[in-house]
Amino acid sequence: MKITLTQQKKAKPDFTKLGFGKYFTDHMLIMDYKDGAWCEPEIVPYGSFSLDPSTCVLHYGQGIFEGLKAYKNAEGKITMFRPYDNFKRMNRSAERLCMPTIDVDKMVEWLKELILVDEEWIPTAPSTALYIRPTMVATDAMLGVHPGHTYRFFIILSPVGSYYPNGLQPTKILVEKEYVRAPLGGTGEAKCMGNYAASLLAGDIANKKGYEQVLWLDSNEHKYVEEVGAMNMFFVFDGVVKTPALVGSILPGITRDSVLQILRAEGKPVEECRISVDEIVAMNEAGKLDEAFGSGTAAVISPVGVLNIAGEDKIINNFEMGPITSYLYDKLTGIQYGRYEDTFGWVVKVN
Ligand SMILES: *Cc1c(COP(=O)(O)O)cnc(C)c1O
């Protein structure tokens, strides 16, 4: 792969105040698609792209992305968590949006090279990581509505701090009754740009009411739980862990799958099923809604302390993180950071 190193490295940010997705490393990977094939990828200095104002993605949103993390331990060993699964999912998103697929194995190798070029940007403090954002956009300069013929794939890297600077805090979530994230047959299963644009208004209204996120319900009946913002949802009903089944409108999260695999390997009761808001209310009233939490790459596991249902705050587990939630957070981050043995084959070495 051709690598062009930057002539001028950027000043590093304060690694104790990284936040999420605010700083980017010195290099990026780019790879263009034209005449029916991908060109060779290149690592180049991080910088702006110039796009014609008529570029497809700017008008019709033909764009997809991924999100995963790399970790560096005190001995300088660098690992990634389930990168093959991210690029496989990216290929499924690509097919849904009429975009070309990529070679998953080669892409993981190229990504390793990019990470090594910017190795000094990987933070090592507890709960920090290097967030990796692969993206693909249609680059044809034309206003006709049809799939592009040219694409740009790129990967940018961002050192990120702990999602919870003050420790794991339960979140307050508003159950959204009016707006929906994705209908059946829509693009809910794909990690595509438009899904996020469509979610902003409800999120903004919820934020103004004092809730951090929106819990989306199904688009037909507004009755069944789908997911939250960029997280899949789990409920613990009377000791049984339940998550909405992947019906087509829900993003198949890799953290979700990891949670299910961990629980199943230990013989814990888990179910992928339909979960109605009525069931949540009834279980809560019966004192059997033990815990609720979200799962996603950014936060890993996020306890839910309040669910606002039809204007009423339902407090879960006294607004405290429950035992299964905290067990899963410890187990997953333990595998990711190398504190625990990876018996699932999820951790991929970079150096
Ligand atoms: C990315 C994402 C998730 C979480 O997926 P992970 O692979 O666990 O990070 C959940 N929901 C939506 C809508 C997402 O975009």
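Residues numbered from 1 in each chain as written. Predicted model: local features only at pLDDT ≥ 70, side-chain atom pairs only at ≥ 80, totals over all residues. Heavy atoms only, no water.

**Some points on a nonpolar patch on the surface**
Stated precisely, the cut-off is as follows: Patch building starts from residues that exceed 30% relative accessible area and form no salt bridge, then joins like charges within 9 Å and nonpolar side chains (Val, Leu, Ile, Met, Phe, Trp, Tyr) within 5 Å. Areas reported here follow the Shrake-Rupley algorithm with a probe of radius 1.4 Å; residue values treat only the protein chains shown as occluding. The salt bridge definition used is simple: a Lys or Arg side-chain nitrogen within 4 Å of an Asp or Glu carboxyl oxygen. Helix numbers and strand numbers start at the N terminus; a helix is a DSSP run of H or I with at least 4 residues, a strand a run of E with at least 2.
On the surface, Met1, Ile3 and Leu5 cluster together to form a nonpolar patch covering roughly 240 Å² of accessible area. Within the secondary structure, Ile3 sits in strand β1 (residues 2–3).

**Some points on the site of the ligand**
Note the threshold: The cutoff for a nearby residue is simple: one of its non-hydrogen atoms must lie within 4 Å of the molecule or strand. Here a polar contact is recorded for every N or O atom pair within 3.5 Å, except that within protein the pair must consist of a potential hydrogen donor and a potential acceptor, and residues adjacent in sequence are included only if both atoms are side-chain atoms. A 1.4 Å probe that fits but cannot get out identifies a cavity on a 1 Å grid over protein atoms alone, an open set with protein on both sides within 12 Å along at least five of seven lines counts as a pocket, and a residue lines either if it has an atom within 4 Å of a point. Each molecule is checked against the cavity or pocket grid, and it sits inside if more than half of its atoms lie within 2 Å of the grid points. When residues are grouped by polarity, Ala, Val, Leu, Ile, Met, Phe, Trp, Tyr, Cys and Pro land in nonpolar, Asp, Glu, Lys and Arg in charged, and all others, Gly among them, in polar.
Surveying the vicinity of the ligand reveals 15 residues, the closest of which are Lys191, Tyr196, Glu227, Thr255 and Thr297. A distance of 2.7 Å separates an oxygen atom of the ligand from a polar side-chain atom of Lys191. Between an oxygen atom of the ligand and a side-chain N or O atom of Thr297, the distance comes to 2.6 Å. Expressed as a share of its isolated accessible area of 380 Å², the protein-covered part of the ligand is 97%. At a threshold of 2 Å from the grid points, most atoms of the ligand map onto the largest pocket. For the shell around the ligand, the elements supplying multiple residues, two or more each, are β13 (231–237) and α5 (254–265). Taken together, the residues of the shell around the ligand sort by class into five nonpolar, six polar and four charged.

**Some words on the nonpolar core**
The cut-off we apply is this: Nonpolar core, defined: a set of buried Ala, Val, Leu, Ile, Met, Phe, Trp, Tyr and Cys residues in which side-chain atoms within 4.5 Å join the residues together. Throughout this description, buried means an accessible area under 20% of the type-specific maximum (1.4 Å probe, protein chains only), exposed means over 50%, and partly exposed covers the range between. The start and end points of each domain follow an automatic or database-based domain assignment.
Counting 46 residues, the largest nonpolar core has Phe235, Ile280 and Leu307 as its most contacted members. Looking at this core element by element, the count peaks at six residues for β13. The residues that make up this core include at least three from each of domain 1 (2–161) and domain 2 (171–336). Within the second largest apolar cluster, 36 residues are counted, among which are Ala70, Phe87, Leu97 and Phe153.

**Focus on empty space enclosed by the protein**
Heads up, the condition is: Grid points are joined across faces, edges and corners, and a volume is the space filled by probe spheres set on the points.
Counted by the stated rule, this structure contains two cavities of 30 Å³ or more. Taken together, 14 residues make up the lining of the largest cavity; nearest its centre are Lys69, Ser127, Tyr163, Ala298 and Val300. Top contributing element to the lining of the largest cavity by residue count: helix α7 (residues 323–337), with three residues. Partitioning the lining of the largest cavity into residue classes produces nine nonpolar, four polar and one charged. Taken domain by domain, the lining of the largest cavity gets at least three of its residues from each of domain 1 (2–161) and domain 2 (171–336). As a volume, the second largest cavity reaches approximately 80 Å³. Forming the walls of the second largest cavity are Leu68, Lys69, Tyr71, Phe81, Asn86, Ile254, Thr255, Thr297 and Gln336. Examining the composition of the lining of the second largest cavity, we find that three residues originate from one element, strand β6 (residues 68–72), more than from any other. Residues of the lining of the second largest cavity, tallied by class, amount to four nonpolar, four polar and one charged. Three or more residues apiece are contributed to the lining of the second largest cavity by two domains, here domain 1 (2–161) and domain 2 (171–336).

**With respect to the environment of Lys191**
Note the cut-off: We call two residues in contact when some of their heavy atoms are within 4.5 Å.
Tracing the sequence through the fold places Lys191 in the loop between β10 (171–175) and α4 (193–208). For the pair Lys191 and Ser93, spaced 98 residues apart in sequence, the C-alpha separation works out to 6.0 Å. Excluding residues within four positions of it along the chain, Lys191 makes contact with Ile64, Phe65, Glu66, Gly67, Arg89, Ser93, Tyr196 and Leu251.

**Examining the packing of aromatic side chains**
Condition: Only Phe, Tyr and Trp rings take part, Trp by its six-membered ring, and two of them pair if their centres are within 6.5 Å. Stacked means planes under 30 degrees apart, edge-to-face means over 60, and tilted covers everything else. We call a charge positioned over a ring when the NZ of a Lys or the CZ of an Arg lies within 6 Å of the ring centre and within 35 degrees of the ring normal.
Scanning all chains against the criterion turns up 12 aromatic pairs. Ring plane angle 10 degrees and centroid distance 5.6 Å describe the contact between Phe24 and Tyr46, whose orientation is recorded as stacked. Of this pair, Phe24 sits in the loop between β1 and β2 (27–34) while Tyr46 is found in the loop between β4 (42–45) and α1 (56–60), placing the two residues 22 residues apart along the sequence. Overall, Tyr46 belongs to the partly exposed group, its relative accessible area being 31%. Over the aromatic face of Tyr327 sits the side chain of Lys268, whose NZ or CZ is 4.8 Å from the ring centroid.

**A look at the domain arrangement of the chain**
Buried accessible area, meaning the area lost when the parts come together, often serves as the stated size of an interface. Convention followed: As a working definition, buried area equals the accessible area (1.4 Å probe) given up by two parts on being put together, with both sides summed.
By the assigned domains, the chain splits into domain 1 (2–161) and domain 2 (171–336). Across the boundary between the two partners, domain 1 contributes 24 residues, which contact 20 residues of domain 2. Roughly 1,800 Å² is buried in total at the junction of domain 1 and domain 2, and carbon and sulfur atoms are behind 62% of that figure. On the domain 1 side of the contact with domain 2, Phe65, Phe81 and Arg89 bury the most area, a combined 34% of that side's loss. At the junction of domain 1 and domain 2, the tally comes to one salt bridge. Here Asp257 makes a salt bridge to Arg82, at a shortest N to O gap of 2.8 Å. Here domain 1 is connected to domain 2 by 12 residue pairs in polar contact (both at pLDDT 80 or more). Of all the secondary structure elements, the ones that give two or more residues to the side of domain 1 that touches domain 2 are β5 (63–65), β6, β7 (78–81), α2 (83–96) and β8 (129–138). Per-element tally for the side of domain 1 that touches domain 2: the top contributor is α2, with six residues. Residue composition of the side of domain 1 that touches domain 2, by class: 11 nonpolar, six polar and seven charged.

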